[in-house]
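# Topology and contacts: notes
One letter stands for each residue in the lines below.
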Amino acid sequence: MKQLWLTAKLDIVESLRARWFQIYTLVFGGIVALLFLFGLTESRVLGFIGLSRLLVTYIQLTMAILPIFVLITTVRSVAGDREAGVFEYLLSLPVSLSAWFWGKIVGRYIVVFAPVFLAMLGAVIWASIQGIEVPWDMFGYYTALLAVMALCFLGIGMLISAIARSTDMAQGAAFMVWLFLLLFLDLILLGVMIQGKVAPELAVTLALANPLQVFRTAALALFDPQLIVLGPSAYVILDLFGTTGYKIFALAYPAALGMVSATIGYFIFRRGDLP
Amino acid sequence: MIKFTNVVKDFRRARVLDGINLDIGIGERVALIGSNGAGKTTLIRCLLGEYTHDGEVAINGLDPRSHRTEVLGNIGFVPQLPPPLKMPVGQLIDFSAALCATDPKRIHAIAQRLGLDVEAILARQFVRLSGGMKQKLLIAIALGREARVLIMDEPAANLDPEARKIFFDLLAERLDDATMIISSHRLDEVSGLVNRVVEMDMGKVVLDDKVADAVTLTARLACRVVLSRFEPAFAKALAGWNLRSSDDNRIWEGDIAGPDRLRFLGIISRYTALVSDLSLSEN
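Computed from a prediction, not measured in an experiment: that's the story for all the values here.

## Quick notes on the interface of chain B and chain A
- Contacts between the two partners involve 34 residues from chain B, matched on the other side by 31 residues from chain A.
- In this assembly, chain B packs against chain A so that about 2900 Å² is buried in total across both faces, 62% of it on carbon and sulfur atoms.
- For the interface between chain B and chain A, the tally reads two salt bridges.
- Here A:Asp273 and B:Lys9 are joined by a salt bridge, their closest N and O atoms 2.8 Å apart.
- Along the contact surface separating chain B from chain A lie 13 residue pairs in polar contact (both at pLDDT 80 or more).
- Only β1 (2-11), α1 (40-47), α2 (68-72), α3 (89-100) and α6 (131-143) of chain B provide two or more residues apiece to the side of chain B that touches chain A.

Rendered as C-alpha cells:
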C-alpha cells in the first residue's frame, strides 16, 4: 500500500508540472468562468434558470471534451514515459508492478477528476455567495457522473497504453476509440435502424453499451426524466431500467467498464516487457 | 550470485539475446562491452526483471521478475540516459529512498561527495539539471543504499575528472560486498574499474576473460606533461583534467585517478607530436 501511494504521489507531482495538465485545468476552469461571464445563470432554457442551467451546459461541454482529453493525455504520458526511458529507470527501483500500475491510475485519476470537479464546485460556491439557489441533487449526481466518466476513460486509456508499444500507436488508437464511440453514437446505429437491419430494441441496447451515450442520456434524464427528447428510444430505456434504475446503471456500467479495462491493461502490462 | 542460463530474447523476428550463459560471483566487477545493438542493454533489462525472456535469470537464486521487490531492493542501477523526469530533485530522492528503505540523507551525502550541492537544487526539476548533475544524482541514488549488485550503464561518461576520482573512491568502498556490472561501448572507458571483461556481439558472449586486478580503484598517479610548444586546444584538455600549468603553459602537473590512466593516455595520444616529456608515477 505504501508503494502504491508513493507511486500515486509521484504521478500527481509529475502531472502537475506537465503542460497538458495546465491546459486541461485552464479549459475546465475557463468554461465555468465563461458560462458565468455570458450570464448563463440569468438565462432561461427549457424552464431551467440559475445554477441548474449552468450545470446542464457544463456537463454537456464536459462530456464532449473530457473523454478525448483523458484518453489522449493518458496514453501520451504513459506510453511517452515508457518510450523516453522513465519506466526503465523507475521500474528498476523495488516497486511491485501492481503498486506501480494501480498507483499510476490512482494518481492520474485524482489529477484528471480534480480540475473538472473543482471548476463545478467553484461555480457552486460562487452561486452561493451571489445568493443563487444551488440544486444540490443535480450537483451531487453530476459529480458522480463526472467521477465515473473520468474513471471509465482513464481505464480505457490505461488499457490502450498497455497494449500499444509506441506513443504514436497509442495516440492513434485512443483517437480511433473515441471516434468509434462517437460514430457509434449517432451514425452507425441510426443507419442500421433506418435500413431496418436490426430491431429498434437491439439498436438501443447496443447504444447503451457505449459509455458516451450512457452519459449523454443520464445527463438528459436529470432535466427530462421521461427522456421525451429521445423519442421512442426512451420507451426501451425506461421499460428496461425505470428512471431511478437508469440513473444507477449510468454510474455502475461505465465504472465497471473502466475498471475492467484497467484490470485487463494491468494483466497485459504485467505479462509483457515493461520499458 | 548472478546466473544467466541460456537466456534468449526476441523482438518480433529479431533475436537480440542468443543463449546467454554467465555466472557472476560476489565481488566481481564485470565490464559489459560491445557495439550498439550487441545486446548489453537488453541483458541488463532482463537482469532488472524488465524484459520477459526464455531461459533463466537469477540473483541469489531469485527470479527478478517474480521476486521484484526482494531482488531490486539489492540492486543499484544507473542508466546510460537519464530519464526526463519532471519531478523535483527532492521528490526523486525521497521516492527512491522510501522504496529502497534508506535514509535520504545518505543519498545527499554521496551526492555532496561527488560535488553536487543537493540542498541548492532540491526544488529544481530533474529534467532541467545538466547532464553531469543528473549523472551524479543517479549515482548517489544507486550508491546511497545497501545494494549488493551495482549495474551501471556508462556511469562516468558525463563526469568531470574530479568527480570521476570520487566516483572510483565510492566504488572502492563497495568492493568487498558488492558485485558490479559496468556497461560501455569502449573498454578503455571502464578497463581500470573491472576485473572481468564480457564482450557481446549480435546477442552472444564472444569474450569472457579475467583482467589482471593490478589497478586499484583508489590509486593516484602523479602526472607531468611537458609540451614542445603551447597549443590552446591541448592546454584546454589538460586543464579539464585539473592539471596545473607553469613555464608559460608548457609544463603541466597534477594527479590522475588510477582507473583513468588509459582514458588519459587516450587524450594525450591525440597530441603526441606536442609532447616532449611525459611521466606517470604511482603516489
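And the narrative resumes.
## Remarks on helix α9 (residues 232-240) of chain B
Residue and element names in this part refer to chain B.
- By the burial criterion, the buried members of α9 are Phe-234, Ala-235 and Leu-238. Each buried residue of α9 sits inside an arc of 100° when the element is viewed along its axis, so together they form one side.
- Buried-residue contacts for α9 involve β10 (220-227), β12 (251-257), α10 (261-269) and β13 (275-282).
- Directly after α9, the chain includes Asn-242, whose backbone phi takes a positive value near 65°.

## Let's talk about the pattern of salt bridges
- All told, the structure shown has 21 salt bridges over all chains when counted by the stated rule.
- One salt bridge connects A:Arg108 with A:Asp11, and the closest N-O pair in it is separated by 3.5 Å. One end of the pair, A:Arg108, is in helix α5 (residues 97-130); the other, A:Asp11, is in helix α1 (residues 2-16), with 97 residues separating them in the sequence. Each member of the pair, A:Arg108 as well as A:Asp11, is classed as buried.
- A salt bridge links B:Glu282 to B:Arg261, with the nearest nitrogen and oxygen atoms 3.4 Å apart. A residue pair is termed long-range when its members are at least 10 positions apart, and B:Glu282 in strand β13 and B:Arg261 in helix α10 qualify at 21 residues.
- It is possible to trace a salt-bridge network through shared partners that takes in B:Asp10, B:Arg15, B:Asp18 and B:Lys204.

## Some details on a nonpolar patch on the surface
Residue and element names in this part refer to chain A.
- Judged by side-chain polarity, Met-1, Trp-5 and Ile-110 come together as a nonpolar surface patch covering roughly 370 Å² of accessible area.
- Note on placement: Trp-5 falls in helix α1.
- Owing to a relative accessible area of 47%, Trp-5 belongs among the partly exposed residues under this scheme.

## A few points about the sheet that holds strand β2 (residues 14-24) of chain B
All names here are of chain B.
- Ordered in space as β2-β1-β4, the three strands form an open sheet in which the pairing is antiparallel. Lying at the two open borders of the sheet, with one neighbouring strand each, are β2 and β4 (54-59). Strand after strand, the sheet turns through a mean of 20° between neighbouring axes, direction not considered.
- Strand direction decides the pairing type here: β1 and β4, joined by five bridges, are antiparallel. Bridge pairing in β4 places Val-8 opposite Asp-54.
- Docked against the sheet, α1 engages β1, β2 and β4, running at close to 60° with respect to β2.

## Considering the environment of A:Gly80
Residue and element names in this part refer to chain A.
- Locating Gly-80 in the fold gives a position in helix α3 (residues 51-84).
- Distance in space between the C-alpha atoms of Gly-80 and Thr-167 is 5.4 Å, their sequence separation being 87 residues.
- When residues no more than four places from it in sequence are discounted, the contact partners of Gly-80 are Val-75 and Thr-167.

## Observations concerning unusual backbone geometry
Residues and elements named next belong to chain B.
- For Arg-12, which is not a glycine, the phi torsion comes out positive at approximately 50°.
- With respect to the helices and strands, Arg-12 occurs in the loop between β1 and β2.
- Of note, the phi angle at Ala-101 is positive, near 55°, even though the residue is not glycine.
- Its location among the elements puts Ala-101 in the loop between α3 and α4 (104-113).
- Its relative accessible area of 71% is what places Ala-101 among the exposed residues.

## Side note on the confidence of the model for chain A
- With 91% of its residues at a pLDDT of 70 or more, chain A has an overall mean of 84.
- Looking across chain A, the model is least confident in helix α10 (residues 233-241) of chain A, with a mean pLDDT of 75, and most confident in helix α11 (residues 243-271) of chain A, with 93.

## Observations concerning the pairing of strand β3 (residues 29-33) of chain B
Residue and element names in this part refer to chain B.
- Within β3, five of the five residues are buried, which leaves it mostly tucked inside the rest of the structure.
- Residues Arg-29, Ala-31 and Ile-33 point to one face of β3 and Val-30 and Leu-32 to the other, with burial holding for every one of them.
- Bridge count between β3 and strand β8 (residues 196-201): four bridges; the pairing is parallel. Across the sheet, Ala-31 pairs through a bridge with Val-197, a residue of β8.

## Focus on the pairing of strand β6 (residues 149-153) of chain B
Residues and elements named next belong to chain B.
- For β6, a buried count of five out of five residues is recorded, marking the element as mostly surrounded by other parts of the structure.
- Neither face of β6 is open: one carries Val-149, Ile-151 and Asp-153, the other Leu-150 and Met-152, and all of them are buried.
- Of the strand pairs in this sheet, strand β5 (residues 75-78) and β6 are connected by four bridges, and their pairing is parallel. Residue pairing for β6: Phe-77 is matched across the bridge by Ile-151.
- Bridge analysis of β6 against strand β7 (residues 179-184) gives five bridges, and the strand direction is parallel. Considered in β7, the bridge of Leu-150 is made with Met-180.
- Each parallel crossover has a hand, and for β6 linked through helix α7 (residues 161-172) to β7 it is right-handed.

## Notes on the packing of α3(A) against α5(A)
All names here are of chain A.
- Where α3 contacts α5, the axes come no closer than 11 Å and their chain directions differ by 160°. Relative to α5, the element α3 is oriented roughly antiparallel. In terms of crossing hand, the pair formed by α3 and α5 is right-handed. From α3, Leu-51, Leu-54, Leu-55, Tyr-58, Thr-62, Leu-66, Val-70, Thr-73, Thr-74, Ser-77, Val-78 and Asp-81 reach across to α5, where they touch Lys-104, Arg-108, Val-112, Val-116, Ala-119, Met-120, Ala-123, Val-124 and Ala-127.
- The residue makeup of the contact of α3 with α5, split by class, is 14 nonpolar, four polar and three charged.

Calculation criteria
- Residues numbered from 1 in each chain as written.
- Chains lettered and ligands numbered in written order.
- Predicted model: local features only at pLDDT ≥ 70, side-chain atom pairs only at ≥ 80, totals over all residues.
- Heavy atoms only, no water.
- Contact = heavy atoms within 4.5 Å.
- Buried area = accessible area lost by both parts, 1.4 Å probe.
- Salt bridge = Lys/Arg side-chain N within 4 Å of Asp/Glu carboxyl O.
- Polar contact = N/O pair within 3.5 Å; in protein donor to acceptor, adjacent residues only side chain to side chain.
- Helix = DSSP H or I, 4+ residues; strand = E, 2+ residues; numbered from the N terminus.
- Buried < 20%, exposed > 50% of the residue type's maximum accessible area, 1.4 Å probe, protein only.
- Arc of directions from axis to C-beta.
- Patch = residues over 30% accessible without salt bridge, like charges linked within 9 Å, V, L, I, M, F, W, Y side chains within 5 Å.
- Areas by Shrake-Rupley, 256 points an atom, 1.4 Å probe, with all protein chains shown as cover.
- Pairing = 2+ DSSP bridges.
- Axes fitted to C-alpha atoms, helices over the stretch in contact; angles between N-to-C directions.
- pLDDT = per-residue confidence, 0-100.
- Right-handed = clockwise from strand over helix to strand, strands pointing away.
- Parallel < 35°, antiparallel > 145°, perpendicular 65-115°, else oblique.
- Left-handed = near helix turned anticlockwise from the far one by under 90°.
- Nonpolar A, V, L, I, M, F, W, Y, C, P; charged D, E, K, R; others polar.

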